[in-house]
Amino acid sequence: MGRCDGKVALVTGGASGIGAASARMLAAQGAQVMIADRDTANGKAVAAEIGSNAAFVALDVASQDSWDAAVAATITAFGGWNVLVNCAGILRHGSIESETMDDWRQTMEVNVKGTWRGCKLAVAHMKAGGGSIVNLSSIAGIEGGADLCAYSTSKGAVRLLTKSVALYCAERGWQVRCNSVNPGIIETPMLETYFAERDDPQAEREAWDRVMPLGIRGEPEDIGHMIVYLACDESRLVTGAEMVVDGGAMAR
Amino acid sequence: MSGRLKNKVALVTGGASGFGRQSAIRLAEEGALVCITDLNEAGGEETAAMLGPRGFFRRQDVTREDDWTATIKAVLDRFAKLDVLVNSAGVAAAADNIEDADDAIWDLVMDVNLTGTWLGCRHAIAPMRRAGGGSIINLASVLALKGEGGALAYCASKGGVRLLTKSVAVHCGNQRNNIRCNAICPGYMLTGMLRDFLDSLNDREGEHARIAAMHPLGRLGDADDIAQMVLYLASDESRFVTGAEMIVDGGFTAG
Ligand SMILES: NC(=O)c1ccc[n+]([C@@H]2O[C@H](COP(=O)([O-])OP(=O)(O)OC[C@H]3O[C@@H](n4cnc5c(N)ncnc54)[C@H](O)[C@@H]3O)[C@@H](O)[C@H]2O)c1
Ligand SMILES: NC(=O)c1ccc[n+]([C@@H]2O[C@H](COP(=O)([O-])OP(=O)(O)OC[C@H]3O[C@@H](n4cnc5c(N)ncnc54)[C@H](O)[C@@H]3O)[C@@H](O)[C@H]2O)c1
């Protein structure tokens, strides 16, 4: 018996990193999983590796048409929809002075509005039969980063968007829960790019290692375990919460 | 059972009732060996009977340091190591506001909830270090995050538990001893503690409805809602989680 038996999950950003790991782990616990990403090659590969419990659909979270099609494909493929994991996200470097309008707009479009679009569709569909929405915020949505102005702002927005959606559904008696996971530094392609773009990747890496008291580096599966918990009914009382999984960075 | 706690040894205080009892049951189901302790011997033996050969009960007053020493020794004698500590022993006092506050109530609540948890963390670290790491789980509360006028000592004690947890987490991280320390912040739950309080009222139903309505999900949780989070924090699934406060509260603190 799997912890996610009976769940149909749409995982955005499922082609890579945290999204790919959580798609695998949800499926291993019995869920049927639609992997949605703009990266078709990797997305299809993850779905194929999982097998018959998974499928892939192309999705650009910045496009409403694309969202509508992805949701329809999920329901057609698996006969329902009760879990949404909003993992698609981008990170652009930049402070309030250095970042361009373009970086700002793209970050907001993907990280915030993409998540908002997903929540809106999920609430509309799930209010009848219940469901669970998991949004990827970040510790950067709790504490600001000077060189991550747009990113921090976007993750702070996701954090409170999550609570607003949670309260709206709960107050109406709909069994749709909405929570965020706030990861620390997790070893994914996003992180590799982040370091590669720095002047001194090695120094930056060591600085981040010092931020996390535990002294181990986080892997996508560390976030996947929390996503499994939030997706399944073990967390039926949990809504509007922010789950920090960060090697202790926020403890001090 | 899928063995999420296979080969782990857990000590659960407050195991005669509520979260402590249900956590012990879940931990054992997932493969852990469990020692439960409590002041309440009848309740503790009852929980032990539910655990069968995977568990045993020992009477312990969490406010007494000598009792902690003896309890840890009993766990090590029986199971040879300690991986998980769940500090669930606790007391609440109603109608306790800053004007009517009573010295004895303040001392009792602080002693059990805060000093008891502090002692637990202190005594668990050495055996956990020898075991190569461990997980300490403290029961804070939503009242560590939001104030309630008539729960003065309780709020203060749980606010203390919340930051005690983070301090212990940072210390253990700095020591690189692989010991994690996290808090759970439950909303109001229908366990022994709240039942006793409701039973003491004339308008039991009215108060129950009022408390339920403070939670956007519109209902009170039960002990299993907390036990599921205890499982996550006790297992290696949460190996990257320390100093965190896990909120399980039906949306109480979201608004
Ligand atoms: N890695 C970390 O340290 C970390 C920390 C905190 C939060 N997060 C958040 O977790 C989420 C996943 O991050 P990751 O590290 O796995 O990153 P990743 O880069 O490995 O994966 C992100 C995925 O999102 C997809 N994506 C990007 N824009 C998209 C769009 N417009 N439409 C559809 N798909 C799109 C990408 O193709 C990619 O497959 C992100 O929201 C990220 O901000 C990551
Ligand atoms: N029930 C709730 O609504 C709620 C909400 C938030 C937090 N909590 C916290 O969770 C923990 C467990 O609460 P519960 O709801 O299971 O309560 P409970 O009353 O059902 O169980 C608490 C147990 O602690 C034991 N205990 C009290 N003083 C002790 C002492 N000095 N030494 C050893 N054992 C002692 C009691 O005998 C009892 O068995 C407590 O710390 C409580 O403050 C409870």
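Attention in this report is confined to the structure presented alongside it. (Residues numbered from 1 in each chain as written. Chains lettered and ligands numbered in written order. Predicted model: local features only at pLDDT ≥ 70, side-chain atom pairs only at ≥ 80, totals over all residues. Heavy atoms only, no water.)

Counting from both sides, the interface comprises 35 residues of chain A and, opposite them, 33 residues of chain B. Of the roughly 3200 Å² buried at the junction of chain A and chain B (both faces included), carbon and sulfur atoms supply 60%. Three residues, Leu214, Arg236 and Leu237 of chain A, lead the burial of chain A against chain B; their summed loss comes to 22% of the area buried on that side. Summed over the shared surface of chain A and chain B, the result is 5 salt bridges. (Contact = heavy atoms within 4.5 Å. Buried area = accessible area lost by both parts, 1.4 Å probe. Salt bridge = Lys/Arg side-chain N within 4 Å of Asp/Glu carboxyl O.)

Residue and element names in this part refer to chain A. Around ligand 1 sit 28 residues in total, of which Ser16, Ile18, Asp37, Tyr151 and Thr188 are the nearest. Take Tyr151: an N or O atom from its side chain is 2.6 Å from an oxygen atom of ligand 1. Contact distances for ligand 1 include 3.4 Å between an oxygen atom and a backbone N or O atom of Gly184. In isolation ligand 1 has 830 Å² of accessible area, and contact with the protein removes 94% of it. The residue inventory of the shell around ligand 1, partitioned by class, reads 15 nonpolar, 8 polar and 5 charged. (Near = heavy atom within 4 Å. Polar contact = N/O pair within 3.5 Å; in protein donor to acceptor, adjacent residues only side chain to side chain. Areas by Shrake-Rupley, 256 points an atom, 1.4 Å probe, with all protein chains shown as cover. Nonpolar A, V, L, I, M, F, W, Y, C, P; charged D, E, K, R; others polar.)

Next up on the list: the side chain of Thr13 of chain B. All names here are of chain B. Examined against the element boundaries, Thr13 turns out to sit in strand E1 (residues 9-13). One polar contact links the side chain of Thr13 to the main-chain amide nitrogen of Ser88, over a distance of 2.9 Å. Beyond its immediate stretch of four places on either side in the chain, Thr13 contacts Gly20, Thr37, Gln60, Val62, Trp68, Leu85, Val86, Asn87, Ser88 and Ala89. (Helix = DSSP H or I, 4+ residues; strand = E, 2+ residues; numbered from the N terminus.)

Take the site of ligand 2 next. All names here are of chain B. Residues in contact with ligand 2 amount to 28 residues; listed here are only the nearest, Ser17, Asp38, Tyr154, Met189 and Thr191. Bound to the protein, ligand 2 loses 92% of the 830 Å² it would expose on its own. Counting only elements with at least two residues in the shell around ligand 2, the list comes to helix H1 (18-29), helix H5 (152-175) and helix H6 (192-199). Each residue belonging to the shell around ligand 2 can be placed in one class, and the counts come to 14 nonpolar, 11 polar and 3 charged.

We now examine the pairing of strand E5 (residues 134-139) of chain B. All names here are of chain B. The element E5 is extensively covered by neighbouring structure, given that 6 of its 6 residues are classed as buried. Burial along E5 is two-sided: Gly134, Ile136 and Asn138 and Ser135, Ile137 and Leu139, pointing in opposite directions, are all buried. As judged from the 4 bridges shared by strand E4 (residues 84-87) and E5, these two strands associate in the parallel manner. In the strand pairing of E5, Leu85 is matched with Ile136. The β-α-β motif built from E4, the intervening helix H4 (residues 103-130) and the parallel element E5 has right-handed crossover chirality. Here E5 pairs with strand E6 (residues 179-186) via 6 bridges, running parallel. For Leu139, the partnering residue across the bridge sits in E6 and is Ile184. (Buried < 20%, exposed > 50% of the residue type's maximum accessible area, 1.4 Å probe, protein only. Pairing = 2+ DSSP bridges. Right-handed = clockwise from strand over helix to strand, strands pointing away.)

Here we come to the sheet that holds strand E2 (residues 32-37) of chain A. Residue and element names in this part refer to chain A. Pairing within the open sheet is parallel, and its 7 strands lie in the order E3-E2-E1-E4-E5-E6-E7. Each edge of the open sheet is held by one strand with a lone partner, namely strand E3 (54-58) and strand E7 (242-245). Averaged over all adjacent pairs, the angle separating strand axes in this sheet is 20°, with direction ignored. In terms of strand pairing, strand E6 (residues 176-183) meets E7 through 4 bridges, oriented parallel. For Ser180, the partnering residue across the bridge sits in E7 and is Glu242. (Axes fitted to C-alpha atoms, helices over the stretch in contact; angles between N-to-C directions.)

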